[in-house]
Structures are given as C-alpha cells and as structure tokens.
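Single-letter residue listing:
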Amino acid sequence: MSSINPQIEASWKEVLADEFNKAYFPILKRFLIEEKKRFKIYPPGPLIFNAFANTPFDKVKVVILGQDPYHGQGQAHGLCFSVPDGVTAPPSLDNIFQEIKNDVGASMPSSGNLSRWAQQGVLLLNATLTVRAAQAGSHQGKGWEAFTDEVIKKLSAQRENLVFLLWGRYAQNKSVLIDQKKHCVLKAPHPSPYSADRGFFGCCHFSKANKYLEAHGCDPIQW
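Residues numbered from 1 in each chain as written. Predicted model: local features only at pLDDT ≥ 70, side-chain atom pairs only at ≥ 80, totals over all residues. Heavy atoms only, no water.

A. Just the overall build of the protein chain, in detail. Assigned secondary structure in the protein chain consists of 8 helices and 6 strands. Along the protein chain, helices and strands appear, N-terminal first, in the series α-α-β-α-β-α-α-β-β-α-β-α-β-α. Taking 2.2 N^0.38 as the reference for a compact globule, 223 residues should give roughly 17 Å; the C-alpha atoms of the protein chain span a radius of gyration of 17 Å, in line with that estimate. Considering only contacts within the protein chain whose residues lie at least 6 apart along the sequence, 67% involve residues at least 24 apart. Here the protein chain displays about 10200 Å² of accessible surface, and carbon together with sulfur accounts for 48% of that area. Computed over 25 positive and 20 negative side-chain charges, the separation of the two mean positions in the protein chain equals 5 Å. (Helix = DSSP H or I, 4+ residues; strand = E, 2+ residues; numbered from the N terminus. Rg over C-alpha atoms; globule rule 2.2 N^0.38 Å. Contact = heavy atoms within 4.5 Å. Areas by Shrake-Rupley, 256 points an atom, 1.4 Å probe, with all protein chains shown as cover. Lys, Arg positive; Asp, Glu negative; His and termini not counted. Charge placed at Lys NZ, Arg CZ, Asp CG, Glu CD.)

Here is the structure:
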C-alpha cells in the first residue's frame, strides 16, 4: 500500500519526518495492508493524505477536526466533512452549509466538495484517516490518532494565529493540544442532526473565524 509510505506533501513531510520513524507507524502500516487484503477501505489509498496535499503546513489558517472518514461508498476523499462532486451532502454537512448561510449569508452550494476551503488554508483533518466500509470507527485506536495529534501539536507550536473549530466532545477534547494564548479555539456542539440544535446552529463560527483572521492580517475564508 504505497500511499502509506507515505506520499505526503513536502512541507508536511518535513514537519512530520520524525513521526514516520516512531514505533507505531510501521505497525499502523501493516494493519492497513492486512485490512486492504480483506475489506474495502475508505478513502482510496491515494486520497488518505488528501487534507495535507490540499493545504501545505505554512498555508494553514483554519483547522476543522473530524473523527473518522465517511464509511459509505464514494463519500470519503480525505477531507473531513467533505464529499466529492456529485455525491449527496450528508446531514452534518448540510447543517454546516445551513449555518454558513445564516451566519455569513452565503448561498447553499451545489456541491459538498470542500476542496475550495482546503485550497484557501482550511485543514480538514480527521483524527482517524481511514475506515472499513460500512463500519464507522473501525480504524480507531490503531495509531492514526497518535499521528494526527502530532499534526495538531506541530501546528500549535510552529504556527501563530490559527483558528481551530472544534465541534462536538471528541474534537473539543483535542483542545489540550493547542496553545490557546497563540491561537483562537472555537467550540460548539457537533453539526450532526442529533446535536446541531443544541448550539451548533447560531454558533457563528464562520464569521468569528474570519474576524480573527482579518484582525491578524490574513485574508478571510470564502465559505
């Protein structure tokens, strides 16, 4: 599985070089090779590190943290909450678009593909980068979290004035990895239909993120 070897964008490969030499990483790689022999794995191998390919380390402005990839056919493409063009937006993504409409007045988009955000500096990072088809959470606890926690730590330590959008308890637990004196951390319930009405709707994270970016000399995100 060559994509775990790892074919990752150059700036990230430099920042994370030590991580690939840690004991857990070859174990994770072997696990994925064995999984692929027996099951369908999402996203496809070349897209596992898609978040990094779209948003180089020094271009990150905003971090949105998801838990694990969509496990339905054709949905996951390596960007949290995002789906490829032509795939129906899942309910959480629909709710994100609804909040953006209410917050900043942007119209509901025709596509759920968030590559346009990633290319503006929004790192769309899942804590777990792969999943077994139709089995949510099936690759949790296999090593990915150690890797993505290190991503958050490196961003916190080596960058300044980033915005971290932490939706739901799982994402909010990652706040301990972030230096909140250097960065803006915004928390809200998860946009899932089960919790969006409990404070995700009305959180205004998208306008708040842009105000913070502009206050620190950065271009706002075109949500």
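That shown, we press on.
B. Representation of the side chain of Asn-50. In this structure, Asn-50 sits in helix H3 (residues 50–54). You can call Asn-50 buried: its relative accessible area is 12%. In contact with Asn-50, not counting residues within four places along its chain, are His-77, Gly-78 and Leu-79. (Buried < 20%, exposed > 50% of the residue type's maximum accessible area, 1.4 Å probe, protein only.)

C. Just the pairing of strand S2 (residues 62–66), in detail. Most of S2 sits out of view: 5 of its 5 residues are buried. Here S2 shows no split at all, with Val-62, Ile-64 and Gly-66 on one side and Val-63 and Leu-65 on the other all buried. As paired elements, S2 and strand S3 (residues 122–126) share 5 bridges and run parallel to each other. Across the sheet, residue Gly-66 finds its bridge partner in S3, namely Asn-126. Pairing geometry for S2 and strand S5 (residues 163–167), over 3 bridges, is parallel. The residue bridging Val-62 from the neighbouring strand is Val-163, located in S5. (Pairing = 2+ DSSP bridges.)

D. Looking closely at helix H8 (residues 205–215). Taken together, the buried positions of H8 are occupied by His-205, Phe-206, Ser-207, Ala-209, Asn-210, Tyr-212 and Leu-213. Along its buried surface, H8 packs onto S2, helix H4 (91–104), helix H5 (115–118), S5 and strand S6 (184–188). Among the residues trailing H8, Gly-217 stands out with phi positive, at a value near 80°.

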